[in-house]
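Below, each chain spelled out in residue letters.
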Amino acid sequence: MSLLSTTQRWGAVARLLHWIMAAGIIVNGAWGLWMVGIAPSMKKINVFALHKSIGLTLLALALLRLAWRLVDKHPEVEPAPRWQLLAARLTHVGLYGLILAIPLSGWWFNSASGYPLQWFKHFKVPAMGGRDSDLAHIALVAHQYLFWLLVAALVLHIGAALKHHFVDRDNTLTRMLPLARRKPSSY
Ligand code: HEM
Ligand code: HEM
């Protein structure tokens, strides 16, 4: 299994980053929705701290993934109408933007609220700026809305992946899956 992508399939690094991040973002998003309902307590502080640490880790992985995307190849796209190729490109660019903007807006909200920030209790993470309740409100609204925008983009993204697999019966999904074999009929 090649670490680098080829013209035919995604490499191990691209696939590993895609699936670790997909799982991490979905879990951290669900965790975020759940944690805001917890009554003020020590548990709430710890649960929030974990959400922030996982979110910062996902931000670092998103930067790593983008850097890797710049040096790695992109497999050739499967034949499709022009509008679908354009829609896929726009969705992918949007997804990259959202996986950066969501954790950044969380960090911004945390900073503007004056809350402390640590990475898994190992080291302190600096604030993005000073305390400001108006900015904190804007950042919180951004954090919430960007998350729901991501959910909408994922409906399109997952729907497209399933359509490629079950309707077009091409290799778009299999070449991104960790261990699946390519469909021999496609090339
Ligand atoms: C939070 C969840 C997810 C995020 C943020 C995400 C993000 C992305 C991004 C940005 C790309 C573009 C890669 C590139 O061109 O550099 C991509 C590719 C892909 N994703 Fe996801 N994804 C997620 C979940 C999923 C799920 C659940 C599936 C499957 C059902 C999936 C299937 C695919 C496939 C098949 C490709 C390759 C498309 C191609 O070869 O053109 N993704 N994903
Ligand atoms: C990919 C990463 C992340 C995802 C998917 C995510 C998602 C979410 C979601 C869905 C909520 C619930 C919003 C609501 O309904 O009120 C939330 C809340 C929150 N997030 Fe994140 N988040 C991420 C990263 C971060 C980071 C990096 C930080 C801070 C460093 C952070 C700080 C917070 C805080 C403080 C809240 C609670 C807001 C409140 O008190 O209402 N998040 N997050």
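- Naming follows an unreviewed UniProt entry, where the protein appears as Cytochrome B561 of Frateuria aurantia.
- What the UniProt record of the protein gives under Sequence similarities (unreviewed entry) is the line "Belongs to the cytochrome b561 family."

**So, the site of ligand 1**
So, point 1. Around ligand 1 there are 20 residues in total, and His18, Arg69, Tyr96, His157 and Arg175 lie nearest to it.
So, point 2. A distance of 2.8 Å separates a nitrogen atom of ligand 1 from a polar side-chain atom of histidine 18.
So, point 3. Take arginine 69: an N or O atom from its side chain is 2.3 Å from an oxygen atom of ligand 1.
So, point 4. Elements with a contribution of two residues or more to the shell around ligand 1: helix H1 (12-35), helix H2 (42-71), helix H3 (82-113) and helix H4 (133-168).

**Description of H1**
So, point 1. If you check H1, its first and last C-alpha atoms are 34 Å apart, about what 24 residues at 1.5 Å a residue would give, namely 34 Å.
So, point 2. When we look at burial in H1, the residues that qualify are Ala12, Ala14, Arg15, Leu17, His18, Met21, Gly24, Ile25, Asn28, Gly29, Gly32 and Met35.
So, point 3. Residues of H1 that are buried make contact with H2, H3 and H4.

**Overview of the coordination of the iron atom of ligand 2**
So, point 1. At this site the iron atom of ligand 2 is bound by His51 (NE2) and His143 (NE2), with donor distances of 2.0 to 2.1 Å.
So, point 2. Each of the six donor atoms bound to the iron atom of ligand 2 contributes to angles spanning 85 to 180 degrees, and the resulting shape is octahedral. Residue histidine 51 is found in helix H2, and its partner histidine 143 is found in helix H4; the two are separated by 92 residues along the sequence.
So, point 3. Its relative accessible area of 14% is what places histidine 51 among the buried residues.

**Considerations on the UniProt feature "transmembrane region" (unreviewed entry) in the protein**
So, point 1. Mapped onto the present numbering, the UniProt feature "transmembrane region" (unreviewed entry) falls at residues 12-36, 48-68, 89-109 and 145-162.
So, point 2. This span, residues 89-109, is 100% helix and 0% strand, and a straight line between its end C-alpha atoms measures 30 Å.
So, point 3. Here residues 145-162 is 100% helix and 0% strand, with 26 Å between the C-alpha atoms at its ends.

**Here's the deal with the site of ligand 2**
So, point 1. Ligand 2 sits among 23 residues. The nearest are Met35, His51, Gly106, His143 and Gln144.
So, point 2. A distance of 2.8 Å is found between a nitrogen atom of ligand 2 and a side-chain nitrogen or oxygen belonging to histidine 51.
So, point 3. Histidine 143 places a side-chain nitrogen or oxygen 2.8 Å from a nitrogen atom of ligand 2.
So, point 4. Only H1, H2, H3 and H4 provide two or more residues apiece to the shell around ligand 2.
So, point 5. Along the lines of polarity and charge, the residues of the shell around ligand 2 split into 14 nonpolar, eight polar and one charged.

**Concerning the packing of aromatic side chains**
So, point 1. In the structure shown here, the tally under the stated rule is five aromatic pairs.
So, point 2. With a centroid separation of 6.2 Å and 80 degrees between ring planes, the pair formed by phenylalanine 109 and tyrosine 115 is classed as edge-to-face.
So, point 3. On the basis of relative accessible area, tyrosine 115 is assigned to the partly exposed category, the value being 45%.
So, point 4. On the numbers, 4.9 Å between centres and 85 degrees between planes, the contact of tryptophan 119 with phenylalanine 120 is edge-to-face.
So, point 5. Residue tryptophan 119 is classed as partly exposed on the basis of its relative accessible area, which comes to 27%.
So, point 6. Phenylalanine 120 sits in the partly exposed class, given a relative accessible area of 32%.
So, point 7. Here a set of aromatic residues connected by ring pairs shows up, and it is made of Trp119, Phe120 and Phe123.

Conventions and cut-offs
Residues numbered from 1 in each chain as written. Chains lettered and ligands numbered in written order. Predicted model: local features only at pLDDT ≥ 70, side-chain atom pairs only at ≥ 80, totals over all residues. Heavy atoms only, no water. UniProt positions renumbered as here; feature names shortened; annotations may be inferred. Near = heavy atom within 4 Å. Polar contact = N/O pair within 3.5 Å; in protein donor to acceptor, adjacent residues only side chain to side chain. Helix = DSSP H or I, 4+ residues; strand = E, 2+ residues; numbered from the N terminus. Expected span 1.5 Å × (residues − 1). Buried < 20%, exposed > 50% of the residue type's maximum accessible area, 1.4 Å probe, protein only. Contact = heavy atoms within 4.5 Å. Donors = N, O, S within 2.8 Å, 3.2 Å for Na, K, Ca; no water. Tetrahedral: all angles 85-135°; square planar, octahedral: opposite > 155°, others 65-115°. Nonpolar A, V, L, I, M, F, W, Y, C, P; charged D, E, K, R; others polar. Phe/Tyr/Trp six-rings, centres within 6.5 Å; stacked < 30°, edge-to-face > 60°.

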